[in-house]
Amino acid sequence: MNRTHWTQRIDPRWLYLILLALVIIGLLVPIPLPLIIGPQTRALYDAVEHAPADKLAILCTNWSASTQGENRPQTEVILRHLMRRKVRIALMAWEQQSTNLARELVEELAPEYGYVYGRDWINWGYRAEANGTLKGMVLDIRDTFKTESHTRIALTDLQRLPVMAGVRNTKDVGLIIEISAAGTYKNWIQFVIGSTPAKFGYGPTSVMAPELYNYIDAGQMAGMMFGIKGAAEYEHLLIEDGTLKKPGFTTKAIAPISLALVLLFVLIGLGNYGMIATRKMERDA
Amino acid sequence: MTLKSLLSKLFPPLHGPALYAALAGAAVLCVFLFFALHALPPRARKVAIGAATFLAGLFYALEWFWPADSAGNNPMTFAVPTVGNVANVLTAFTLGLGVMSLIRIHGNNVIRQRASWENSLVLLLGMVTMAVSGLFFDKSMFFRSLFRDVLNSFDAAMFATLAFYIISAAYRAFRIKSVEATLMMAAALIVMLGMIPLGQFLTSSLPANGSFTSIFRLDNISNWMLTNLNGAAQRAINFGLGIGALAIALRVWLSLERGAFFESTPE
């Protein structure tokens, strides 16, 4: 005789099916939910909004396709905000895939904002080792990267790369943002932040975000986007300031996440109820 | 004469054929050094590698602790970007080591037709196809399709399956069997509810701030817990990690780490 409560014997494939159904429903059916802008997202928005427009902003990426569900929308909202403000952008990456993924995203958005490669944005490319690169950037960005990554033009060639005008080291940078699925924020804080007046903002995945509250509290990080939820909040701020006309996929993605989390709560409750009920059955037997 | 000017004099910038000749010479020297290191007895090899490790670490230590002038530079500072580039090149070599290891293990699987050798063959073919198309045809539609449509999709799909495992784990494993587990679950519920719009909706009628009742809003409670409770715990963890990392760094720098540098090799 099976002495476990029925709630303990649910085939997990039913749970997978329910999750899949909820995600599809959440994506297809518009659910009007309030989105409260968190203080960390607003602080990041303010840092980008008040970054000096005449200085270069570094956008470092450290994500691959596996976390693009969260990191791509984060990268997109930051790019849109910088491009709307006509801030020059330098891309760099600690992850091989993100070099291409971020470049493709900029190339997709550039025509909309009239951004031209070499004049308004540049790609410094991928670097395998963060500490040595960042220490080098504090002293001399041109000497550290030598060339841009598309056609290998020397960073000292200001005729062809006017975007690099006035940029010698990190002191000449107006803003540093990293969108990442790994803990490279520590490298930036150890080696760069403090040596430059530039504010430092972050876009981590949701599971990473709790690690960053210390650094925001200490003022070493200006703000952050809490995973895709943070990206959706940022998207709302961009709608408020007129950068975007209507919510995009990022905001739409919040509904399935909400529904999936509700399912998670229900299943935790069900699992625990089943455990208690089984114990009772065993005692009564 | 400063160290910088001395080095600039000894190694002036090269261009054209001289640069390629120097590169070829460096490659030959590296191969010679590799075989020379290999030919050394284990004890001498350990000393050589220990000395190289110590000197490499010493550069950054000296650069950091050496008093700087008013501009913030010391005699080592000028070399930091170059040493950073050397570090990048060395780190990139680990990619080559990974490729060598994959070819050796999976190549053996295929040649000896071990269990699931077909998977090894697919892996090797995939690696070669991706590498060749990326190196020589990176502007082609073929590479873009492989990268965007195949690799990216597989990568994203693999990660997305985590959601199903989390749901299954929540149902099967998250049991409230102790006070600690109950506290953890309560904290998790509050934080998650405070983070999602559905949860925020529950207390959205309360004022956001400036009122006593605002502290009962789920998003405010969630934010307070993340900033204060989670922040304190993270600081403690980071403090422990920092001390541990310092100890490990010293052991590696001074080659005291057990098992390092061929210690297991019979002398």
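Residues numbered from 1 in each chain as written. Chains lettered and ligands numbered in written order. Predicted model: local features only at pLDDT ≥ 70, side-chain atom pairs only at ≥ 80, totals over all residues. Heavy atoms only, no water.

### Some points on the overall build of chain A
Thinking step 1. Helix and strand content of chain A: 11 helices and 6 strands.
Thinking step 2. Dimensions of chain A, computed from C-alpha atoms along their principal axes, come out at roughly 85 × 40 × 35 Å.
Thinking step 3. Going through the 285 residues of chain A one by one, you find that 59% of them count as buried.
Thinking step 4. The long-range fraction of contacts in chain A, counting pairs at least 24 apart against all pairs at least 6 apart in sequence, stands at 74%.
Thinking step 5. When the accessible area of chain A is evaluated, it comes to approximately 11,700 Å², of which 58% is carbon and sulfur surface. (Helix = DSSP H or I, 4+ residues; strand = E, 2+ residues; numbered from the N terminus. Buried < 20%, exposed > 50% of the residue type's maximum accessible area, 1.4 Å probe, protein only. Contact = heavy atoms within 4.5 Å. Areas by Shrake-Rupley, 256 points an atom, 1.4 Å probe, with all protein chains shown as cover.)

### Considering the side chain of Arg103(A)
All names here are of chain A.
Thinking step 1. Along the chain, Arg103 turns up in helix 4 (residues 96-113).
Thinking step 2. The exposure class assigned to Arg103 is buried, which follows from its relative accessible area of 17%.
Thinking step 3. Setting aside residues up to four positions removed in sequence, Arg103 forms contacts with Leu91, Ser98, Trp121, Asn123 and His150.

### Side note on the packing of helix 5 (residues 117-136) of chain B against helix 6 (residues 141-172) of chain B
All names here are of chain B.
Thinking step 1. At a minimum axis separation of 9 Å, helix 5 and helix 6 run at an interaxial angle of 130 degrees. Between helix 5 and helix 6, the angle is such that the two are oblique. Helix 5 and helix 6 meet at a crossing whose hand is left-handed. Across the interface between the two elements, Thr129, Met130, Ser133 and Gly134 from helix 5 touch Phe142, Phe143, Leu146, Phe147 and Leu151 from helix 6.
Thinking step 2. By residue class, the composition of the contact of helix 5 with helix 6 is 6 nonpolar, 3 polar and no charged. (Axes fitted to C-alpha atoms, helices over the stretch in contact; angles between N-to-C directions. Parallel < 35°, antiparallel > 145°, perpendicular 65-115°, else oblique. Left-handed = near helix turned anticlockwise from the far one by under 90°. Nonpolar A, V, L, I, M, F, W, Y, C, P; charged D, E, K, R; others polar.)

### Some remarks on the pairing of strand 3 (residues 121-126) of chain A
A regular strand places its side chains on the two faces of the sheet in alternate fashion.
All names here are of chain A.
Thinking step 1. Summarising burial for strand 3: 5 of the 6 residues are buried, a large majority.
Thinking step 2. Bridge analysis of strand 2 (residues 89-93) against strand 3 gives 5 bridges, and the strand direction is parallel. Residue pairing in the sheet places Met92 in a bridge with Gly125 of strand 3.
Thinking step 3. In this fold, the crossover linking strand 2 to strand 3 by way of helix 4 has right-handed handedness. (Pairing = 2+ DSSP bridges. Right-handed = clockwise from strand over helix to strand, strands pointing away.)

### Things to note about the packing of aromatic side chains
Each pair of aromatic rings is reported with the distance of its centres and the angle of its planes.
Residues and elements named next belong to chain A.
Thinking step 1. Across all of its chains, the model carries 14 aromatic pairs over all chains by this definition.
Thinking step 2. Centre to centre, the rings of Tyr117 and Trp121 are 4.7 Å apart; their planes meet at 80 degrees, and the pair counts as edge-to-face.
Thinking step 3. Given the relative accessible area of 24%, Tyr117 is considered partly exposed.
Thinking step 4. On the accessibility criterion, Trp121 (3% relative accessible area) is buried.
Thinking step 5. Taken together, Trp94, Tyr185, Trp188, Phe200, Tyr202 and Tyr215 form an aromatic cluster joined through their ring pairs. (Phe/Tyr/Trp six-rings, centres within 6.5 Å; stacked < 30°, edge-to-face > 60°.)

### Here's the deal with a nonpolar patch on the surface
Residues and elements named next belong to chain A.
Thinking step 1. Together, Trp14, Leu17, Leu20, Ile24, Ile25, Leu27, Leu28, Val29, Ile31 and Phe249 line one region of the surface with nonpolar side chains, adding up to about 970 Å² of accessible area.
Thinking step 2. In terms of residue count, helix 1 (residues 12-28) provides more of the nonpolar patch than any other element does, 7 residues in total.
Thinking step 3. Given a relative accessible area of 67%, Leu28 falls into the exposed group. (Patch = residues over 30% accessible without salt bridge, like charges linked within 9 Å, V, L, I, M, F, W, Y side chains within 5 Å. Salt bridge = Lys/Arg side-chain N within 4 Å of Asp/Glu carboxyl O.)

### With respect to the environment of Ile257(A)
Thinking step 1. Of note, Ile257(A) is situated in helix 11 (residues 254-284).
Thinking step 2. C-alpha of Ile257(A) to C-alpha of Pro12(A): the two residues are 245 residues apart in sequence and 20 Å apart in space.

### With respect to the confidence of the model for chain B
Thinking step 1. Looking at chain B as a whole, the pLDDT averages 88, with 96% of positions reaching at least 70.
Thinking step 2. As a predicted assembly, this complex carries a pTM of 0.88 together with an ipTM value of 0.85. (pLDDT = per-residue confidence, 0-100.)

### Regarding the pairing of strand 2 of chain A
Residue and element names in this part refer to chain A.
Thinking step 1. Most of strand 2 is tucked away, with 5 of its 5 residues classed as buried.
Thinking step 2. Where burial is concerned, the two faces of strand 2 agree: the one with Ile89, Leu91 and Ala93 and the one with Ala90 and Met92 are both buried.
Thinking step 3. Bridge count for strand 1 (residues 56-62) against strand 2 is 5 bridges, and the pairing is parallel. By the bridge assignment for strand 2, Ile58 is matched with Ala90.
Thinking step 4. In this region the chain leaves strand 1, passes through helix 3 (residues 68-84) and returns to the parallel neighbour strand 2; the handedness of that crossover is right-handed.

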